[in-house]
Amino acid sequence: MDKFAKGAAVEDGPVVYDKIPKEVIVTTEKDHGLQMWEQQWMDTRKGTVTKAFFLSVKKRLTEKIPIFPELTSLLSGYGNIKSYLYRLGVTDNRMCPCEEEEHTVDHLIFKCKKLPNQRNEMIRQTKNTGGNWPAKSETLINNYKNYFVKFVKSLELSDLKCLSIKT
Ligand SMILES: [Zn+2]
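Read on for a plain summary of the structure. Keep in mind it's a predicted model, so treat the numbers as computed, not measured.

## Description of the overall build of the protein
Counting secondary structure elements, the protein contains 11 helices and 0 strands. Walking the protein from its N terminus toward its C terminus, one meets helices and strands in the order α-α-α-α-α-α-α-α-α-α-α. Expressed as a percentage of its 167 residues, the buried residues of the protein come to 19%. Contacts spanning at least 24 positions in sequence make up 46% of the contacts within the protein whose residues lie at least 6 apart.

## Here we look at the packing of helix H8 (residues 116-128) against helix H10 (residues 145-154)
In contact at an axis separation of 9 Å, H8 and H10 are set at 170° when each is read in the N-to-C sense. Here H10 runs roughly antiparallel to H8, going by the angle between their axes. Residues Gln118, Arg119, Met122, Gln125 and Thr126 of H8 form the contact with H10, whose own contacting residues are Tyr147, Phe148, Phe151 and Ser154. Tallied by class, the residues present in the contact of H8 with H10 amount to 4 nonpolar, 4 polar and 1 charged.

## A word on the environment of Trp133
Residue placement: Trp133 occurs in the loop between H8 and helix H9 (137-143). According to the C-beta neighbour criterion, Trp133 is partly exposed, with 13 such atoms within 10 Å. When the C-alpha positions of Trp133 and Phe110 are compared, they lie 9.3 Å apart, and in sequence the two are 23 residues distant. Not counting residues up to four positions away in its chain, the partners in contact with Trp133 are Ile123, Thr126 and Lys127.

## Let's talk about the environment of Leu55
Here Leu55 lies in the loop between helix H3 (48-53) and helix H4 (57-62). For Leu55, a count of 16 C-beta atoms within 10 Å translates into the label partly exposed. Taking the C-alpha atoms as reference, Leu55 lies 9.6 Å from Glu38; in sequence the two are 17 residues apart.

## Considerations on H10
Taken residue by residue, H10 has Tyr147, Phe148, Phe151 and Val152 as its buried positions. Each buried residue of H10 sits inside an arc of 135° when the element is viewed along its axis, so together they form one side. Projecting away from the buried face of H10 at angles above 90 degrees are the exposed residues Asn146 and Lys153. The inward-facing, buried residues of H10 abut helix H5 (69-76), H8 and H9.

## Digging into the environment of His107
Relative to the assigned elements, His107 resides in helix H7 (residues 105-111). Residues His107 and Cys96, 11 residues apart in the sequence, show an inter-C-alpha distance of 8.4 Å. Excluding its chain neighbours within four sequence positions, the residues that come into contact with His107 are Cys96, Glu101, Glu102 and Cys112.

Analysis parameters
- Residues numbered from 1 in each chain as written.
- Predicted model: local features only at pLDDT ≥ 70, side-chain atom pairs only at ≥ 80, totals over all residues.
- Helix = DSSP H or I, 4+ residues; strand = E, 2+ residues; numbered from the N terminus.
- Buried ≥ 20, exposed ≤ 12 C-beta atoms within 10 Å, placed from the backbone.
- Contact = placed C-beta atoms within 7 Å.
- Axes fitted to C-alpha atoms, helices over the stretch in contact; angles between N-to-C directions.
- Parallel < 35°, antiparallel > 145°, perpendicular 65-115°, else oblique.
- Nonpolar A, V, L, I, M, F, W, Y, C, P; charged D, E, K, R; others polar.
- Arc of directions from axis to C-beta.

Shown next, in the form of C-alpha cells:
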C-alpha cells in the first residue's frame, strides 16, 4: 500500500475512488480502522495487564488463544484477581493467600510460592527452547504460549483458591 493512494483515499473521499482498485480501498479502510483501534488501545488506561501481553491490537487479532476462565483472568487482570476485586470494592483483602504479596497477575506468574512446581516446569521448558527467565509477559505469549497456557491449566483446584474470593 503506497502512501499516496492511502492519503488520496482518505483525504479526497469518493472522488478518487474510481481511480483506485476496489481491493486497495477495502485494504485502506481496514488499515485505517485498525490504526484508530490501535490508537484507542494506546490511549486508554484500562487493560494495562492485557497490554503487557499484547502490545498491539494487530498482534491480539493474530494470536490463537484457548479461552478458559483462569487464562482470561491472568491475561486481563480482571476476574478472580484480588487486587482487581479490591479496587472494585468487592473484597477488603487484596493479599494473595500466600500472604507475601498483593494478589496480582505478575505475582501469580512470577513469584507466588504456592505455585513452585507449575512455574518451574514452565521455566524449564522456556529455558530449554533458548528463552530467559524471568520472561516478559509479551514474550511468554509470543514465544512460549504453549508452556504458559500449560502453566495456567496445571493449576490444581487447591491452587485455584488463589484465584477465588475469600469468603
Ligand atoms: Zn502468592
